[in-house]
Amino acid sequence: FSPPARARGVDAQGERAAVAPTDGKVRIWSLPGLGLLQTLDAGVAAVNEMTYMPTTESPPPWSPGGKLLAYMHPGGQLVIRDLVRAMDASAVVAPPLASDQADWVGQDAMAAKFLPSGAGLVVAFEHGVGLWRCDG
């Protein structure tokens, strides 16, 4: 039994794929052989509880060098995973809301993409966009 995959992202080198099915896991597979390299516990994103990712159109983004992967953590935050050191490098925290927005605007990440240089991650929220520096 394999749960349906809702989001997929392939690293720039075409050597690994990150697949986010509906079972709360992100699996990293080697390509083209499809050997399972790593399984990460993923969280339920308030944006889309069926995919465990910000949206079904938003695959888990890889940094250009393939060292970093962004994915939804069990706590509901988007985190940047350092795959070389096998640890979460940092959590993406939404910009603060204005007091008049707190009751109606969500703070979950809706989409994320690494800059082509690998020096940062752009994240779209319902109420704005943020840029995080990273060494990818």
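Residues numbered from 1 in each chain as written. Predicted model: local features only at pLDDT ≥ 70, side-chain atom pairs only at ≥ 80, totals over all residues. Heavy atoms only, no water.

### Things to note about the sheet that holds strand E5 (residues 68-72)
And step 1. On the basis of which strands lie adjacent, the open sheet formed by three strands has the order E5-E6-E7 and antiparallel pairing. Lying at the two open borders of the sheet, with one neighbouring strand each, are E5 and strand E7 (87-92). Taken pair by pair, the neighbouring strands of this sheet meet at an average axis angle of 30°, ignoring direction.
And step 2. Bridge count for E5 against strand E6 (residues 78-82) is five bridges, and the pairing is antiparallel. Following the sheet pairing, Leu68 is matched in E6 by Asp82. (Pairing = 2+ DSSP bridges. Helix = DSSP H or I, 4+ residues; strand = E, 2+ residues; numbered from the N terminus. Axes fitted to C-alpha atoms, helices over the stretch in contact; angles between N-to-C directions.)

### Some points on the environment of Leu69
And step 1. As for its placement among the helices and strands, Leu69 is situated in strand E5.
And step 2. You can call Leu69 buried: its relative accessible area is 0%.
And step 3. Sequence separation between Leu69 and Asp82 is 13 residues; the distance between their C-alpha atoms is 6.8 Å.
And step 4. The residues touching Leu69, leaving out its near neighbours within four places in the chain, are Ala18, Val26, Ile28, Leu40, Pro60, Pro61, Trp62, Val79, Ile80, Arg81 and Leu83. (Buried < 20%, exposed > 50% of the residue type's maximum accessible area, 1.4 Å probe, protein only. Contact = heavy atoms within 4.5 Å.)

### As for unusual backbone geometry
And step 1. For the bond running from Leu31 to Pro32, omega is 5°, close enough to zero to count as cis.
And step 2. With respect to the helices, strands and loops of the structure, Pro32 is situated in the loop between strand E3 (25-30) and strand E4 (36-41).
And step 3. Positive phi, normally seen in glycine, also occurs at Leu34, with a value near 60°.
And step 4. Within the secondary structure layout, Leu34 lies in the loop between E3 and E4.
And step 5. The class for Leu34 is exposed, based on a relative accessible area of 53%.
And step 6. Phi is positive for Ala86, which is not a glycine, with a value near 55°.
And step 7. You can call Ala86 partly exposed: its relative accessible area is 44%.

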